Amino acid sequence: MDAKLAQLLREQVNHEFYSAYLYLKFSAYYGSVGLDGFENWYRVQAQEERDHAMMFYQYLMDNGEEIAFEAIKAPDVEIKDNSAPLSLAQAHEKFVTSLINNIYAAAAEAKDYRAMQFLDWFVKEQGEEEKNASDLIQKMKLFGGDSKGLYMLNSELKARTYTPASLNA
Ligand code: FEO
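On a predicted model such as this, the values are computed, not experimentally measured, just so you know.

*Asks:* Even after reading the chapter, I still don't get the environment of N132, so can you show me in this structure?
*Replies:* On the secondary structure map, N132 appears in helix 4 (residues 113-143). The partly exposed category is assigned to N132, whose relative accessible area is 30%. Put simply, N132 and L153 are 21 residues apart on the chain and 14 Å apart in space, counted from C-alpha to C-alpha.

And the structure:
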C-alpha cells in the first residue's frame, strides 16, 4: 500500500477512537444532569465510533499493514450547557468528514481502487453523521426550550438502539 495512505488509515483508527471518547464524555455529561435519553443517544454513538475504528483497523490488518497504538487524547471540550455537546458534535463530524476526504484523496492519488471502494462507505456515513448532528441541533432549538419539550425529546432519544456498523450496511 502507498505509505502516505497507510499512515492516514493508521491515524484514522486513532481519530475514530477519539470520537468514541468524545461522545462518551457527552454521554457522561447528560447522565450527570439526568437526561438519560441524550445519555443513551451518545453512548450508542460512541459504540458506533468504536466500530468505525475497528473497520479501519481490520482493513489495515487485511492488507498486511502495521497498526499504530498511539495515545488517544483526552476530549478537550468544555460543556457549558445542555445544547453545547450538540454543536460540538456537529463541528467534530465536519472535521471527521475532512479527514475521510483527505484519505480518499490520497487513495485516488495512489490509484488504490480497493481503498477507494472501502472508503466509499465512510463517505456516505459522514453524510449521515452530519445530518444526524444538525437534526439534533434543530430539534433542540424547536423543542428544548421548555421542560415539557425537553422531556419529550429526551424520551425520543432514549429509544435509539445500537446496531453494529458493517461495510455491507
Ligand atoms: Fe466515525 Fe462520527 O464518524
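Now that the structure has been shown, we can carry on.
*Asks:* What am I meant to see in the packing of helix 3 (residues 84-109) against helix 4 here?
*Replies:* Axis angle and axis distance: for two packed helices, these are the angle between their axes and the distance between the axes, and together they describe the pair. At a minimum axis separation of 9 Å, helix 3 and helix 4 run at an interaxial angle of 165°. One finds that helix 3 runs roughly antiparallel with respect to helix 4. The way helix 3 lies across helix 4 gives a crossing that is left-handed.

*Asks:* How should the side chain of S27 be read in this particular structure?
*Replies:* Mapped onto the secondary structure, S27 falls in helix 1 (residues 3-32). Within the structure, S27 has its side chain in polar contact with the backbone oxygen of E39 (distance 2.7 Å). Among all residues touching S27, those that are not within four sequence positions of it are E39, Y42 and R43.

Calculation notes
- Residues numbered from 1 in each chain as written.
- Predicted model: local features only at pLDDT ≥ 70, side-chain atom pairs only at ≥ 80, totals over all residues.
- Heavy atoms only, no water.
- Helix = DSSP H or I, 4+ residues; strand = E, 2+ residues; numbered from the N terminus.
- Buried < 20%, exposed > 50% of the residue type's maximum accessible area, 1.4 Å probe, protein only.
- Axes fitted to C-alpha atoms, helices over the stretch in contact; angles between N-to-C directions.
- Parallel < 35°, antiparallel > 145°, perpendicular 65-115°, else oblique.
- Left-handed = near helix turned anticlockwise from the far one by under 90°.
- Polar contact = N/O pair within 3.5 Å; in protein donor to acceptor, adjacent residues only side chain to side chain.
- Contact = heavy atoms within 4.5 Å.

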